[in-house]
Amino acid sequence: MEEKELNTPNTETTNENLQQEEVQTENTENAETAAEEAHEPTIEEQLEAAQAEIAALNDKVLRQMAEFDNYRKRTLKEKAELILNGGEKTITALLPVMDDLDRALENMDKTDDVATLKEGVELIIQKLVTTLGAQGLKRMETQGQAFDTDFHEAVALVPGDESQKNQIIDCVQPGYLLNEKVIRHAKVVVGQ
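Residues numbered from 1 in each chain as written. Predicted model: local features only at pLDDT ≥ 70, side-chain atom pairs only at ≥ 80, totals over all residues. Heavy atoms only, no water.

Helix and strand counts for the chain stand at 4 helices and 6 strands. Each of the 192 residues in the chain was classed as buried or not, and the buried ones make up 9%. As presented, the chain carries roughly 16000 Å² of accessible surface, and 54% of it is formed by carbon and sulfur atoms. (Helix = DSSP H or I, 4+ residues; strand = E, 2+ residues; numbered from the N terminus. Buried < 20%, exposed > 50% of the residue type's maximum accessible area, 1.4 Å probe, protein only. Areas by Shrake-Rupley, 256 points an atom, 1.4 Å probe, with all protein chains shown as cover.)

Below, the discussion takes up the confidence of the model for the chain. Per-residue confidence for the chain averages 83 on the pLDDT scale, and 80% of its residues sit at or above 70. Element-level pLDDT for the chain is lowest in helix 1 (residues 2-39), with a mean of 58, against a maximum mean of 93 in helix 2 (residues 43-85). Contacts from residues 1-8, a stretch scored under 50 in pLDDT, to residues over four places away or in other chains number 0 contacts. (pLDDT = per-residue confidence, 0-100. Contact = heavy atoms within 4.5 Å.)

Another point: the sheet that holds strand 6 (residues 186-191). Taken together, 3 strands build an open sheet; the order of strands is 2-6-3 and the sheet is mixed. Edge positions in the open sheet fall to strand 2 (152-158) and strand 3 (168-173), since each of these has one partner strand only. Adjacent strand axes in the sheet meet at a mean angle of 30 degrees, parallel and antiparallel pairs treated alike. In this sheet, strand 6 lies alongside strand 2 in parallel orientation, the contact comprising 6 bridges. From the neighbouring strand, V158 faces strand 6, where its bridge partner is G191. (Pairing = 2+ DSSP bridges. Axes fitted to C-alpha atoms, helices over the stretch in contact; angles between N-to-C directions.)

Residue position: D100 is located in helix 3 (residues 88-110). A relative accessible area of 15% means that D100 is categorised as buried. Engagement of the side chain of D100 in a polar contact is seen with the side chain of K127, the distance being 3.0 Å. (Polar contact = N/O pair within 3.5 Å; in protein donor to acceptor, adjacent residues only side chain to side chain.)

As a further point, take helix 4 (residues 114-134). Along its 21 residues, helix 4 runs 30 Å from first to last C-alpha, staying within 8% of the 30 Å computed at 1.5 Å per residue. Following helix 4 by one or two positions, G136 has its phi on the positive side, about 105 degrees. (Expected span 1.5 Å × (residues − 1).)

We now examine a negative patch on the surface. Together, D99, D102, E106 and D109 give the surface a local cluster of negative charge. One can find D109 in helix 3. (Patch = residues over 30% accessible without salt bridge, like charges linked within 9 Å, V, L, I, M, F, W, Y side chains within 5 Å. Salt bridge = Lys/Arg side-chain N within 4 Å of Asp/Glu carboxyl O. Lys, Arg positive; Asp, Glu negative; His and termini not counted. Charge placed at Lys NZ, Arg CZ, Asp CG, Glu CD.)

Right under this line is the structure:
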């Protein structure tokens, strides 16, 4: 009997411990639920937060639109300036040639030596070709070349032997390339 008495208090203590643990677990769960409910925003708070976010996004979009509009205006202004002043570099490079032509014109009245005048004009032409070449201008070579519609314009067809067929026989007006782009087709006479 003593054994029963000894076992009984232990069982009761264990039951009490289990009950206390269950109460503590329930209290903890209730506290967590209450904390969640206390932190859950109300509909009004959610609405205010959403309106604040919308206002911030609207402000950001308006700033981006204004920045893009300023960029567009600045780009258009730069493009207009480029169009107006795009030839400035070339014209500035041609001014010394213009000065040489003015000096040649003045000297034509002072001398009767045609050979000297011719030599002076040839030097001016060479200087002009060099200046334009530095700007990317290149004269097309046409003599003895095959006719190519990408570079040449046929102004006349001349009957010839088999070796002259579809070959350029004469150049009436030279063609020019600017940075490897055709800016004027060469006018040529082609063998047929």
